[in-house]
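As a plain string of letters, each chain reads:
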Amino acid sequence: MNILFLYKSQISECKGGVQKVTLALSNKLNERGHNTYYLSQKRSEDRVINNQEFFLEDNDNPDGNELEYIFDFLKEKKIHVVVNQAAYGGGFSQLCKKIKKNIRVKIFSVIHNAPLGNVNNFFYSHPNVTKKLSKYKLGFLTKGTFVLFILKQLYIAKYRKSYRTLYKNSDRVVLLSESFIPDFSKFIGRYIDNRVIVISNPSTANIGLNSQICKKNEVLFVGRLDTTQKKVDFLLSIWSKFSEEFPNWKLNIVGDGQERGELEGLVTKGGLRNVHFHGFQEPTTFYQQASILCLTSSYEGFGLVLVEAQRYGTVPIAFNSFNSINDIISNNENGVLIEPFNIEQYVDALKKLAIDSELREYMRYNAIESSKKFDLDSICDIWVDEFNCK
């Protein structure tokens, strides 16, 4: 079977979760005798993974020569399945429509985030809006549910057409969690049939489940550095309260982003100790050594770093800020869930884990066991079964 993965940016194992999952899944499909290709809009780095990676010019709505190029590519490579990895917000919906009209091929559109994730915790994921409202003494608007309800309706109205087009022209719409179906149905506005399926992201960690790992007094963050979705500023606030009592622990921050300089400034200004920024790196060594992973996101689609951490026996702590996190963490069993966005509760949980090595070991064992359900082979089996469905 010949399979094409579509995405907006270049595939890289050191970048975001979508890229890592795409690479891991395609490699596994290749191992099983399938042929996979990548077609990306943007080339973001000089290094190309292999000769199966191709690029379009920077154009959000391919037409004209680019569209003909895509059609010719699909025919030349004899593509059977197109996996649209940019379907969040209805991405590539018009392209899927044109492909479906002209080429006989199956289209799988994957929504790699909670359909309403961007607005469920709007005033935490848009701190600049919150600051402006407070400046004009309108901060009370961020506390009630009515304003948030209106924002959700506006968001649904904005993306309804794109999602409906995507739904109509996809053989399967793939959500990452069963809990996302009710929110997705609000965009479609009708009965959702069996085109909508649920496939979790697989663990991309390359490790034997019984490997011996030497853990250190290290807390780990892996991800993009920002103060909107990932809320790394919250993490630094937590660390400032934690590190005074635990000077023998250190925080490793693996990732990068446009706000890195601002965050490093917060560390310097606050006199925070034992905080190390490492930029984008392959995180295996950090997972192997870290005892605890911290996630402070205002929303996520799946939280791949949680599964990766569990795979390495690194105990995750996270705000219970997105529905699919409950597919991954059973509170106080294989990780810790914190009331959104209760900083003090987060600090207390971090302290408790740092003090109690037996508790960490209990959760570490459970985390490794629970990560097995996201095994790459098992998730790949589901994908192949769906590819073969009529």
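A few points on the structure.

Criteria and thresholds
- Residues numbered from 1 in each chain as written.
- Predicted model: local features only at pLDDT ≥ 70, side-chain atom pairs only at ≥ 80, totals over all residues.
- Heavy atoms only, no water.
- Helix = DSSP H or I, 4+ residues; strand = E, 2+ residues; numbered from the N terminus.
- Expected span 1.5 Å × (residues − 1).
- Bend = angle between axes of the 7 residues up to and from the residue.
- Buried < 20%, exposed > 50% of the residue type's maximum accessible area, 1.4 Å probe, protein only.
- Salt bridge = Lys/Arg side-chain N within 4 Å of Asp/Glu carboxyl O.
- Pairing = 2+ DSSP bridges.
- Axes fitted to C-alpha atoms, helices over the stretch in contact; angles between N-to-C directions.
- Contact = heavy atoms within 4.5 Å.
- Patch = residues over 30% accessible without salt bridge, like charges linked within 9 Å, V, L, I, M, F, W, Y side chains within 5 Å.
- Areas by Shrake-Rupley, 256 points an atom, 1.4 Å probe, with all protein chains shown as cover.
- Lys, Arg positive; Asp, Glu negative; His and termini not counted.
- Charge placed at Lys NZ, Arg CZ, Asp CG, Glu CD.
- Parallel < 35°, antiparallel > 145°, perpendicular 65-115°, else oblique.
- Left-handed = near helix turned anticlockwise from the far one by under 90°.
- Nonpolar A, V, L, I, M, F, W, Y, C, P; charged D, E, K, R; others polar.

1. Some words on helix 7 (residues 146–168)
The α-helix winds at 3.6 residues per turn, so residues separated by three or four positions along the chain end up facing the same way.
Part 1 of the argument: Its 23 residues give helix 7 an end-to-end C-alpha distance of 32 Å, which sits within 8% of 33 Å, the value for a rise of 1.5 Å per residue.
Part 2 of the argument: When the local axis directions of helix 7 are compared, the greatest deviation, roughly 45 degrees, occurs at Y159.
Part 3 of the argument: Three or more residues of helix 7 are buried, namely L148, Y155, I156, Y163, T165, L166 and Y167.

2. A closer look at the pattern of salt bridges
Part 1 of the argument: Tallied over the full model, the rule gives 20 salt bridges.
Part 2 of the argument: For the salt bridge of D226 with R224, the shortest nitrogen-to-oxygen distance reads 3.0 Å.
Part 3 of the argument: The class for R224 is partly exposed, based on a relative accessible area of 38%.
Part 4 of the argument: Each member of the salt-bridge network shares a partner with another, and the members are K28, E31, R32, D377 and D381.

3. A look at the sheet that holds strand 11 (residues 292–295)
Part 1 of the argument: Strand order in the open sheet formed by six strands is 10-9-8-11-12-13, and the pairing between neighbours is parallel. Of all the strands in the sheet, just strand 10 (275–279) and strand 13 (336–338) have a single pairing partner and so form its edges. Averaged over all adjacent pairs, the angle separating strand axes in this sheet is 20 degrees, with direction ignored.
Part 2 of the argument: As defined by bridge partners, strand 12 (residues 315–319) adjoins strand 13 across three bridges and the pair is classed as parallel. Of the residues in strand 13, the one forming a bridge with A318 is L337.

4. Side note on the sheet that holds strand 7 (residues 196–198)
Note on sheets: strands pair through backbone hydrogen bonds, and any given pair is parallel or antiparallel.
Part 1 of the argument: The strand order across the open sheet built from seven strands is 3-2-1-4-5-6-7, with neighbouring strands paired in parallel fashion. Bordering the open sheet on either side are strand 3 (53–55) and strand 7, each of which pairs with just one other strand. Averaged over all neighbouring strand pairs, the angle between strand axes comes to 25 degrees, with direction disregarded.
Part 2 of the argument: As paired strands, strand 5 (residues 106–111) and strand 6 (residues 172–175) are joined by four bridges and run parallel to one another. Each bridged residue has a counterpart across the sheet, and for F108 the counterpart in strand 6 is R172.
Part 3 of the argument: Together, strand 5, strand 6 and strand 7 form the strand contacts of helix 8 (residues 181–188), whose direction differs from that of strand 6 by roughly 140 degrees.

5. So, the environment of V198
Part 1 of the argument: Inspection of the secondary structure assignment puts V198 in strand 7.
Part 2 of the argument: Once residues lying within four places of it in the same chain are set aside, the contact partners of V198 are L175, L176, S177, E178 and I181.

6. Focus on a positive patch on the surface
Part 1 of the argument: Taken together, the side chains of K97, K98, K101, K161, R164, K168 and R190 define a basic patch exposed on the protein surface.
Part 2 of the argument: When residues of the positive patch are traced back to their parent elements, those giving at least two are helix 3 (93–102) and helix 7.
Part 3 of the argument: Among the secondary structure elements, K161 is positioned in helix 7.

7. Examining the packing of helix 2 (residues 65–76) against helix 3
Part 1 of the argument: Following both chains from N to C, one finds helix 2 and helix 3 inclined at 50 degrees, their axes separated by 11 Å at the closest point. Taken as axis vectors, helix 2 and helix 3 run oblique relative to one another. By crossing handedness, the relation of helix 2 to helix 3 is classed as right-handed. Touching L67, I70, F71 and L74 of helix 2 are L95, K98, I99 and N102, all from helix 3.
Part 2 of the argument: Taken together, the residues that form the contact of helix 2 with helix 3 break down as six nonpolar, one polar and one charged.

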